[in-house]
Structure formats: structure tokens, C-alpha cells
Amino acid sequence: MTTLKNDRYLRALLKQPVDCTPVWMMRQAGRYLPEYRATRAKAGDFMSLCKNAELASEVTLQPLKRFPLDAAILFSDILTIPDAMGLGLYFEAGEGPKFRSPIARKADVDKIGNPDPEGELQYVMNAVRQIRKDLQGEVPLIGFSGSPWTLATYMVEGGSSKAFTKIKKMMYADPATLHSLLDKLADSVIDYLNAQIQAGAQSVMIFDTWGGVLTPRDYEQFSLQYMHKIVEGLNRVHEGVPVPVTLFTKNGGMWLEKIAATGCDAVGLDWTINITDAKARVGDKVALQGNMDPSILYAPQERIREEVAAILDGFGHSNTGHVFNLGHGIHLDVPPENAGVFVDSVHELSRKYHK
Ligand code: CP3
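Values in this document were obtained by computation on a predicted structure and should not be read as measured data. Every chain is numbered on its own, with residues counted from 1 as its sequence reads. Confidence filtering applies because this is a predicted model: local features only for residues at pLDDT of at least 70, side-chain atom pairs given and counted only at 80 or more, and all residues used for totals across whole chains, interfaces and linings. To obtain the side-chain values, all non-hydrogen atoms of the structure were used and water was disregarded.

What am I meant to see in helix H5 (residues 80–87) here?
Owing to its 3.6 residues per turn, the α-helix aligns residues three or four sequence positions apart on the same side. Burial analysis of H5 places seven of its eight residues in the buried class, the great majority of the element. Those residues of H5 not exposed but buried are Thr 80, Ile 81, Pro 82, Asp 83, Ala 84, Met 85 and Leu 87. Each residue gets one of three labels from its accessible area relative to the maximum for its type: buried under 20%, exposed over 50%, partly exposed in between, using a 1.4 Å probe on protein chains only. Runs of H or I in DSSP of at least four residues are treated as helices and runs of E of at least two as strands, each being numbered from the N terminus.

This is how it looks when you write it as C-alpha cells:
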């Protein structure tokens, strides 16, 4: 299918047989690794690291040097699109991302344009090209974007949020303005992900980190609808090879069938849903990615193996596609050795389900 040395991850997403269950970790390149902290210090700050293709590639490959992971994920951030739209992204130490010019009203939405992936966002495409070169066909490269709803939460709140007060006010008082923002974001995400695919991303994932804070009706109208539009706008085959698409809505387990109905290849699960139930609900419609609680990585190593075994057993014998992952990003204070135990356990304990 491809010239990859290890294509387990792509095969599982396409529901093809594999020798063992593929595994990667959300946020696998990051602060829990001392070598990441060293490269970031060399770059100066997080965005400078994202904008330097050689260093972005270096940190992408760092976790693969330590652990036998089955996929690499582009080192970048979901907030590159709003930054390219002119909102002025910056990171305040210990406070997460912030925007200098958040979106407050219709005039702000009318002002923003669709960033050119090979213009303002060319640094991301350069990173994709550099990583593909440096990976030398070992494992596939995952490209990604935030969902329109999740990007809009940061753009309207001006940064991270707990209560989502501003965006919910906009959603209920002026839904047309929010829809206009979400529609612009969906168009930009389509262009951005298609450009990543063109540059060499072999699969793409959409992070809907905050879809789960919506009511079921609002989720469909303000988040899922736009992810559906994106799935339909993506180039799902590149140079004759399928490019699988994964949708991940954190806390979205109750909407699994609806997410699967978008036509995506795989659905990412957090740890609040039992994978046996999830599989029964989607059947062979989509592959599933997940779903160990990232906090289990604080546990003694035997406990990590037990949890991996339970999730593998929960998915069981089947060719309907399972990519093992954490249910959300790895925590920054997890001992790297525990991540190693996690990855090895998935490979070792899953072989018996693929005979
Ligand atoms: O998974 C990977 O290894 C690839 C890289 C990646 C990053 N961010 C690097 C990053 C990915 C896929 C993301 C996605 C992302 N970014 C999401 C969606 C996934 C999720 O976790 O739900 C979200 C919501 C963001 C927004 C964002 N970026 C936040 C909230 C933060 C601050 C986090 C913090 O604790 O300070 C970032 C910065 C960021 N993105 C870091 C990394 C490694 C930390 C920056 C640093 O080095 O200080």
C-alpha cells in the first residue's frame, strides 16, 4: 500500500489486518521529555520552535527515538490558524495560550480572511516536509488541526477558559455571528489540512477538545456540522494512497454514532467511555482510537500493564480497527519510563488478538 517500513497505524485506521495493535500518544512530543525541554530552550519559546522546521522535526522524532511508537505527529499547535488570521497568539508562562486581538463582535469576524497555507502558514508545511524527510519512511506522519468550535473558543475567550462565558453568550445572543466565524474556520481548516496532506501528512486528525461542553443540540449545530463539512472537503486520497481522517471530541462519547456518521475513518475516544460499548455502537463503520486515562501513567508499572490488557480485551478479536492511545494528552509530569511501559505493553499484549 505504501513504502512505509511500519504501516500498522494506517492499516488499523483502514480496518486492515495487523500483527499487533498500533500505538501512539497524544502530545507525545512535549514537556515530559527532558530532551524536548532542552530543544525548546534552544528555540527560545514555543512558537519559535514551531516555526523552525529543523527543530520542529527534531522534537517530533524525539519520542520515536525512545519508544517504538507506530506514528509520528507533526509538532505544531491548533492555534496556528487563528494566529495566521491576525489574532496575535502568545504564550504567557504558566497561563497557556492568549490572543492579543480576540473576536468580540460581527465586525471582528468580517475582518478575518482565510490564511494561505503556503503563505502565513508555510512554516507548518515546511515542518511537515522536513519531518517526512527525517522520518525516512519509518512510520506514518499524522497532520492535525483544531475543530472550528474548539478554535473559536480560544478566539472568542481570548485564551483558555473554564466556563466558556463569552462564546456561550455569543452562541445564544448572536448565533449568526458565531456561525459565520465557524464557517470561515471550517474553510480554513479544509485548506490547511489539504495542504498538510499535499506536503506529506499521511493521515489527519481533528481535535475537538471542547465539543463536550455543549448541549447535544448545540454540539450538532456548532461543532459537528462543521467537522462534517471538513471531512467532506478533505482530499482523502493522495498519490493513490488513502489518507485516513480521525475525529476526536473530548467528552463526546454520547455522540459516537453521530460522529461516525460524518464519514470519517476513525473516532478518537477519551477514557469516559468503555471501548466494548463504543465498538458495539459503531460496529465496523469506523475504527476507534483510544482510550486509556493518561493519569494511569502515574501508576506502578504493573498497574499500567493491567489497564492496557483490560482495554485490549475490551476491544477483543476483531479487524474493525483499533489504534491504542491515551484518552487525552500525556501529562507533563509523567515519568518517561512509564510511557515506555505503556507502549511496550500494547505491542506485547495485543498479539494474541491479531492471530
Ligand atoms: O501531540 C503532539 O505531540 C503534537 C503537538 C501538539 C501540541 N499541541 C504541542 C504543544 C498538538 C497536537 C497540540 C494540539 C493542541 N493545542 C490542542 C488539542 C489537543 C488537546 O490537548 O486537547 C489544544 C487545545 C491546544 C492549545 C494549546 N497549546 C494549549 C492549551 C497549550 C498550553 C498548554 C500548557 O500546558 O501550557 C498549548 C501549547 C503547547 N502545544 C505545548 C505543546 C508541546 C506546550 C508548550 C510549551 O512547550 O510550553
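Mind showing me how you'd approach the domain arrangement of the protein chain here?
How large an interface is tends to be reported as the accessible area lost when its parts come together. Once the domains are mapped, the protein chain shows domain 1 (1–24 + 275–355) and domain 2 (29–66 + 71–251). Segment limits for the domains were obtained from an automatic or database-derived domain assignment. Spacing between the C-alpha centres of domain 1 and domain 2 amounts to 24 Å. Between two residues, a contact is recorded if the distance between any of their heavy atoms is within 4.5 Å. If you look at the interface, domain 1 gives 21 residues, while domain 2 gives 23 residues. The quantity reported as buried area is the accessible area (1.4 Å probe) lost by two parts once they are put together, taken as the sum for both. Carbon and sulfur atoms supply 70% of the area that domain 1 and domain 2 bury against each other, a total of about 1900 Å² over both sides. Whenever Lys or Arg places a side-chain nitrogen within 4 Å of a carboxyl oxygen from Asp or Glu, that contact is recorded as a salt bridge. On the surface where domain 1 and domain 2 come into contact, there are one salt bridge. Across the pair Lys 5 and Glu 138 runs a salt bridge whose closest N-O atoms are separated by 3.2 Å. Two N or O atoms form a polar contact when they lie within 3.5 Å of each other; inside protein one atom must be a possible hydrogen donor and the other a possible acceptor, and for residues adjacent in sequence the pair counts only when both atoms belong to side chains. Viewed at the interface, domain 2 and domain 1 are joined by five residue pairs in polar contact (both at pLDDT 80 or more). Of all the secondary structure elements, the ones that give two or more residues to the side of domain 1 that touches domain 2 are helix H1 (8–13) and helix H15 (336–350). When residues in the side of domain 1 that touches domain 2 are grouped by element, the largest group, three residues, is from H1.

I keep staring at the side chain of Thr 262 and nothing clicks. Help me out?
By the element assignment, Thr 262 lies in the loop between helix H12 (256–260) and strand E9 (266–268). In terms of polar contacts, Thr 262 uses its side chain to reach the backbone carbonyl oxygen of Ile 259, at 2.7 Å. Only 3.3 Å separates the side chain of Thr 262 from the backbone nitrogen of Cys 264, close enough to count as a polar contact. Dropping the residues within four chain positions of it, Thr 262 is found in contact with Leu 224, His 228, Val 231 and Leu 247.

So what exactly am I meant to see when it comes to the site of the ligand here?
Here a residue is near a molecule or strand as soon as one of its heavy atoms is found within 4 Å of it. For the ligand, the set of nearby residues contains 21 residues, the closest of which are Arg 31, Tyr 36, Arg 40, Asp 77 and His 328. A distance of 3.1 Å separates an oxygen atom of the ligand from a polar atom in the backbone of Gln 28. One of the side-chain nitrogen or oxygen atoms of Thr 209 is found 2.7 Å away from an oxygen atom of the ligand. The Shrake-Rupley method, run with a 1.4 Å probe sphere, supplies the accessible areas, and residue values consider only the shown protein chains as cover. Burial of the ligand by the surrounding chains reaches 89%, relative to a free accessible area of 880 Å². Its residues placed into classes, the shell around the ligand shows 13 nonpolar, four polar and four charged. The classification used treats Ala, Val, Leu, Ile, Met, Phe, Trp, Tyr, Cys and Pro as nonpolar, Asp, Glu, Lys and Arg as charged, and all other residues, Gly among them, as polar.

Whenever I open this one, the packing of helix H4 (residues 53–66) against helix H7 (residues 122–135) confuses me. Can you help?
Helix-helix packing is described using two parameters, namely the angle between the two axes and the distance between the axes. With their axes 8 Å apart at the nearest point, H4 and H7 run at an angle of 50° to one another. The orientation of H4 with respect to H7, classified from their angle, is oblique. The element H4 and its partner H7 pack so that their crossing is right-handed. Seen from H4, the contacting residues are Ala 53, Glu 54, Ala 56, Ser 57, Thr 60, Leu 61 and Leu 64; seen from H7, they are Asn 126, Ala 127, Gln 130, Ile 131, Asp 134 and Leu 135. For the contact of H4 with H7, a count of residues per class yields seven nonpolar, four polar and two charged. For helices, the axis comes from a line fit to the C-alpha atoms of the stretch in contact; other axes are also lines fit to C-alpha atoms, and the angle between any two N-to-C directions lies between 0 and 180 degrees. Convention used here: angles under 35 degrees read as roughly parallel, angles over 145 as roughly antiparallel, angles from 65 to 115 as roughly perpendicular, and any remaining angle as oblique. When the near helix sits turned anticlockwise from the far one by under a right angle, the crossing is termed left-handed; a clockwise turn instead gives a right-handed crossing.

When you look at the packing of aromatic side chains in this model, what are you seeing that I'm missing?
The geometry of an aromatic ring pair is captured by the separation of the ring centres together with the interplanar angle, meaning the angle of the planes. When the centres of two rings from Phe, Tyr and Trp lie within 6.5 Å, Trp using its six-membered ring, the rings pair. Their planes under 30 degrees apart give stacked, over 60 give edge-to-face, and anything left gives tilted. Tallied over the full model, the rule gives eight aromatic pairs. Consider the rings of Phe 46 and Phe 75, whose centres lie 5.7 Å apart with planes at 75°: the pair is edge-to-face. Residue Phe 46 is found in helix H3 (residues 46–51), and its partner Phe 75 is found in the loop between strand E1 (72–73) and H5; the two are separated by 29 residues along the sequence. Taking the relative accessible area as the measure of exposure, Phe 46 reaches 12% and is therefore buried. On the basis of relative accessible area, Phe 75 is assigned to the buried category, the value being 6%. Through successive ring pairs, a cluster of aromatic residues spans Tyr 36, Phe 46, Phe 75 and Phe 91. Here, a charge over a ring is recorded when the distance from Lys NZ or Arg CZ to the ring centre is within 6 Å and its angle to the ring normal is within 35 degrees. Over the ring of Tyr 123 we find Lys 51, and its NZ or CZ is 5.1 Å from the ring centre.

When you look at the sheet that holds strand E8 (residues 245–249) in this model, what are you seeing that I'm missing?
Paired through backbone hydrogen bonds, the strands of a sheet run either parallel or antiparallel to each other. DSSP bridges decide pairing: two strands pair if at least two such bridges lie between them. Strand order in the open sheet made by the seven strands is E1-E4-E5-E8-E9-E10-E11, with parallel pairing throughout. Whereas interior strands pair on both sides, the edge strands pair on one side only; in this sheet they are E1 and strand E11 (322–326). Across five bridges, the pairing between strand E5 (residues 203–208) and E8 is parallel. The residue bridging Met 205 from the neighbouring strand is Thr 246, located in E8.

Which parts of the structure should I look at to understand the packing of helix H14 (residues 301–315) against H15?
For the pair H14 and H15, interaxial distance at closest approach is 9 Å and the crossing angle is 40°. Classified by the angle between their axes, H14 and H15 sit oblique to one another. You can see that H14 and H15 cross each other, and the crossing is right-handed. On H15, the residues that touch Gln 301, Ile 304, Arg 305, Val 308, Ala 309 and Leu 312 of H14 are Glu 337, Asn 338, Val 341, Phe 342, Ser 345, Val 346, Glu 348, Leu 349 and Ser 350.

Where do I start with the pattern of salt bridges in this structure?
Where charged atoms from two side chains of opposite charge approach closely, those side chains can pair. Using the criterion set out here, one finds 20 salt bridges in the structure. A salt bridge links Asp 70 to Arg 8; the nearest nitrogen and oxygen atoms lie 2.7 Å apart. Residue Asp 70 is found in the loop between H4 and E1, and its partner Arg 8 is found in helix H1; the two are separated by 62 residues along the sequence. Arg 8 matches Asp 70 in its accessibility class, with the two residues each being buried. Arg 105 is the salt-bridge partner of Asp 108, the closest N and O atoms lying 3.9 Å from each other. Take Asp 108: its relative accessible area is 13%, and that puts it in the buried class.

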